[in-house]
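Residue-level structural notes
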Amino acid sequence: MMNIHSVKGQKIAAGERTQEVDHPHSLVAQFGADQPLPLDCGIELSPFQIAYQTYGTLNADKSNAILVCHALTMDQHIANVHPITGKPGGWLTLVGPGKPIDTDRYFVICSNVIGGCMGSTGPASINPATGKAWGLDFPVITIPDMVRAQAMLIDRFGIDKLFCVVGGSMGGMQVLQWSVAFPERVFSALAIACATRHSAQNIAFHELGRQAVMADPDWQHGRYFEHGCFPHRGLAVARMAAHITYLSDAALHRKFGRKMQDRELPTFSFDADFQVESYLRYQGSSFVERFDANSYLYLTRAMDYFDIAADHDGVLAAAFRGTQTRFCVVSFTSDWLFPTSESRAIVHALNAGGARVSFAEIVTDKGHDAFLLDEPEFIDIARAFLQSAGTARGLGKAEH
Ligand SMILES: CC(=O)SCCNC(=O)CCNC(=O)[C@H](O)C(C)(C)COP(=O)(O)OP(=O)(O)OC[C@H]1O[C@@H](n2cnc3c(N)ncnc32)[C@H](O)[C@@H]1OP(=O)(O)O
Ligand SMILES: N[C@@H](CCO)C(=O)O
């Protein structure tokens, strides 16, 4: 029986941070001492829980399930109003009735990653051994750990084989890991704006963000809840730096150029004179209202450690050899975080491994986060891929 409860999250209430906040729109699967999660660091995490959302209906033979893997700071609320921000779902361009991930046709599951802060067990959860938030005592988790936890959730649904696993950025890493760790459970895979390993430049940006968090005196060596504070400034700076990498020079120029913010002339101060400064400050301050600082450390670390080839004697193609999964790999021309060269490396490895793979590079100036935006060519490609995979899976044609 599925063990379903209203999620008791750990933190994040804008302005009034507590360690027990309801997330009434999520379901939670709990895993007790009899079902520990084996982690790459050698520790078994137990007990733990996974918060998740579902959309649509699972068909009788359980062949229409799509697992959506969320990106770094996103969460399971991909197609419903977000319970903290009150904003529309995080991936409505792709998920919903009549959308490529058609909730009238597919059963869609999206779970908050292990280590996250939206109801799944993470560093802000209570450590049963101490009765306090885990903080940095939480074990370091990896992308394979996230996927192993998701597989345990999928088992609870009695789903042997997912029709598709879909994700962008860190979600795309999970897609690739699913196809390597559980090839027989993945009929098709849509990996967007991602890579099989994190580059030196990307690790460097993550390190910058982590150092910004840890340099904030309110971080308190990760024990900020106990001190009744939160590293707002450090986490906001981390987000500002990261957000620049999600965009592109051309997009920033198009949106803001050198335009001034609510003024005609420079103030000759360090106010946000430029619109782009004001925008970045807003992105930083809104982020800290919805995200946990320690989770940010853990999830960026998980991406840093990701390296599929390293787990296969340095031979990427060996990871995919003999796979029956149908792949679609997508990149965006202005993505300098996961440039097209990374996607080509995935495609070459898949080809060498004998996989069935299609590849699209979308021309856009919207940067890495183009996968979250209304990018018609990308939406069309996702729709066509799922349509053709659905036909191959015997799911019939969509009405739309
Ligand atoms: C948990 C969730 O809700 S997940 C939400 C979805 N995902 C994320 O947050 C990931 C991070 N966010 C992003 O990467 C991007 O914001 C996207 C991709 C989601 C959206 O991109 P876009 O639609 O192009 O929005 P854009 O980046 O221009 O940001 C718009 C916001 O900036 C604000 N803004 C724009 N210009 C300025 C300015 N000069 N000064 C201050 N704020 C500004 C807008 O008011 C708007 O605020 P709102 O989000 O509260 O409505
Ligand atoms: N902007 C998205 C994607 C980052 O890779 C996020 O914050 O999760």
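Residue positions are given per chain, counted from 1 along the sequence in the order it is written. Just so you know, chain letters begin at A and ligand numbers begin at 1, following the order they were written in. A pLDDT threshold of at least 70 governs which residues receive local features in this predicted model, and a stricter bar of 80 or more applies before side-chain atom pairs are shown or counted, although totals over entire chains, interfaces and linings include all residues. Side-chain numbers come from the whole structure's heavy atoms, not from hydrogens or water.

**Some words on the nonpolar core**
Where we set the bar: The definition of a nonpolar core used throughout is a set of buried Ala, Val, Leu, Ile, Met, Phe, Trp, Tyr and Cys residues joined through side-chain atoms within 4.5 Å. A 1.4 Å probe rolled over the protein chains alone gives each residue an accessible area, and that area as a share of the maximum for its type sets the label: buried under 20%, exposed over 50%, partly exposed in between. Helix numbering and strand numbering both begin at the N terminus, where a helix is a DSSP run of H or I of at least 4 residues and a strand a DSSP run of E of at least 2. How far each domain reaches was decided by an automatic or database domain assignment. We call two residues in contact when some of their heavy atoms are within 4.5 Å.
The biggest cluster of nonpolar side chains holds 83 residues, and the ones touching the most others in it are Phe48, Met146 and Trp178. Take this core: its biggest share by element is 8 residues, from helix α1 (residues 143-156). When residues are assigned to domains, this core turns out to be shared by domain 1 (4-201 + 307-392) and domain 2 (202-301), each giving three or more. Those residues within four positions of Trp178 in sequence are excluded, and the remaining contacts are Leu67, Cys69, Val147, Gln150, Ala151, Ile154, Leu162, Val165, Pro183, Arg185 and Val186. Counting 33 residues, the second-largest nonpolar core is a separate cluster that includes Tyr106, Cys164, Val330 and Leu386.

**Some remarks on the site of ligand 2**
Inclusion rule: Only a single heavy atom is needed: when it lies within 4 Å of a molecule or strand, its residue is near that molecule or strand. Pairing of N or O atoms within 3.5 Å defines a polar contact, subject to two protein rules: one partner must be a possible hydrogen donor and the other a possible acceptor, and residues neighboring in sequence count only if both atoms are side-chain atoms. Using a 1.4 Å probe, the Shrake-Rupley method yields the accessible areas, and only the shown protein chains count as cover for residues. In this classification, Asp, Glu, Lys and Arg are treated as charged, Ala, Val, Leu, Ile, Met, Phe, Trp, Tyr, Cys and Pro as nonpolar, and every other residue, Gly included, as polar.
In the neighbourhood of ligand 2, the contacting residues comprise Ala71, Leu72, Thr73, Met74, Ser169, Arg239, Tyr246, His368, Asp369, Phe371 and Leu372. One of the backbone N or O atoms of Leu72 is found 3.3 Å from an oxygen atom in ligand 2. In the model, a nitrogen atom of ligand 2 is placed 2.9 Å from a nitrogen or oxygen of the Asp369 side chain. In isolation ligand 2 offers 250 Å² of accessible surface; the protein chains occlude 97% of this area. The residue makeup of the shell around ligand 2, split by class, is 6 nonpolar, 3 polar and 2 charged.

**Some thoughts on the site of ligand 1**
As a matter of local geometry, ligand 1 sits amid 18 residues, with Lys255, Ser278, Tyr279, Tyr282 and Asp369 nearest to it. Between ligand 1 and Gln261 there is a distance of 2.8 Å, counted from a nitrogen atom to a side-chain nitrogen or oxygen. Contact between ligand 1 and Ser278: a nitrogen atom at 2.6 Å from a side-chain N or O atom of the residue. Notes on ligand 1: free accessible area 1,000 Å², of which the protein chains cover 66%. Elements with a minimum of two residues in the shell around ligand 1: α4 (232-246) and α6 (275-288). The biggest single contributor to the shell around ligand 1 is α6, with 5 residues. Summarising the domain contributions, the shell around ligand 1 has at least three residues from each of domain 1 (4-201 + 307-392) and domain 2 (202-301).

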